[in-house]
Amino acid sequence: MMILLTRFRAVLLFYRSIAPFMLGISGLILAAVLLPAIYEGRAKGIVPALLLAKLATAPVMWLLSERLRPDQYWFYFNLNISRRQLWSGVVALDGLLFLGSAWLMRAALS
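Chains are numbered independently. Their residues run from 1 in the order of the written sequence. Where totals are concerned, whole chains, interfaces and linings use all residues; where local detail is concerned, this predicted model gives features only for residues with pLDDT of at least 70, and gives and counts side-chain atom pairs only at 80 or more. To obtain the side-chain values, all non-hydrogen atoms of the structure were used and water was disregarded.

Can you explain the packing of aromatic side chains? Please cite residues and give values.
Think of it this way: a Phe, Tyr or Trp ring, Trp meaning its six-membered ring, pairs with another when their centres are within 6.5 Å, and the plane angle makes it stacked under 30 degrees, edge-to-face over 60, tilted otherwise. Inspection of the entire model under this criterion finds seven aromatic pairs. Ring centres 5.3 Å apart and planes at 80° place the aromatic pair Phe14 and Trp87 in the edge-to-face group. Of this pair, Phe14 sits in helix H1 (residues 2-40) while Trp87 is found in helix H5 (residues 83-109), placing the two residues 73 residues apart along the sequence. Buried residues are those whose accessible area, probed at 1.4 Å on protein chains only, stays under 20% of the maximum for their type, while exposed residues exceed 50% and partly exposed ones sit between those limits. For Phe14, a relative accessible area of 1% corresponds to the buried category. Residue classification places Trp87 among the buried positions, given a relative accessible area of 2%. Here the aromatic residues Phe14, Trp62, Tyr73, Trp74, Phe75, Tyr76, Phe77 and Trp87 are joined through ring pairs into a cluster of three or more. Numbering of helices and strands runs from the N terminus; a helix is a DSSP stretch of H or I covering at least four residues, while a strand is a stretch of E covering at least two.

Report on the pattern of salt bridges, specifying residues and quantitative values.
For this analysis, a salt bridge means a side-chain nitrogen from Lys or Arg found within 4 Å of a carboxyl oxygen belonging to Asp or Glu. On inspection of all chains with the given rule, the structure shows three salt bridges. For Arg42, the salt bridge identified is with Glu40, shortest N-O distance 2.5 Å. What makes Glu40 exposed here is its relative accessible area of 52%. The shortest N-O distance in the salt bridge between Asp94 and Lys54 comes to 2.9 Å. Separated by 40 residues along the polypeptide, Asp94 in helix H5 and Lys54 in helix H2 (residues 47-56) bring together distant segments of the chain. When sorted by exposure, Asp94 lands in the same class as Lys54, which is buried.

Give a description of H1 that names residues and reports values.
The terminal C-alpha atoms of H1 lie 49 Å apart, and with 39 residues this falls more than 12% below the ideal 57 Å at 1.5 Å per residue. Where H1 terminates, the next one or two residues include Gly41, which has phi positive at roughly 85°. Here the expected length of a helix is defined as 1.5 Å per residue gap, with one fewer gap than residues.

Encoded structure:
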């Protein structure tokens with residue numbers, strides 16, 4: 001149980017360092033695609049497609065994060081957490097945040 005808690009805390013710590021970029025892309029997708037679709041009345045089945053578009057940006061964020069801060073993983077390696085585990089947790093967390101904000105936005109503006 002302690003291992004899972006440590007991994008969850010490490011994912012949250014890592015997400016905090018890249019959240020401005022990930023949340024910025026989420027905001028752009030929601031503002032540029034979902035908001036006009038809501039106002040035009042075509043937002044019924046668009047959320048899963050937007051989630052796929054959001055997930056397609058994850059490899060780009062991974063690459064940019066690697067290029068901007070190449071030595072960022074030493075702390076997580078000492079916790080015995082690989083890059084794949086970190087990024088899978090970040091993608092899952094960011095996907096859940098994106099879905100929640102999209103459904104909230106759709107419910108509030110529809």
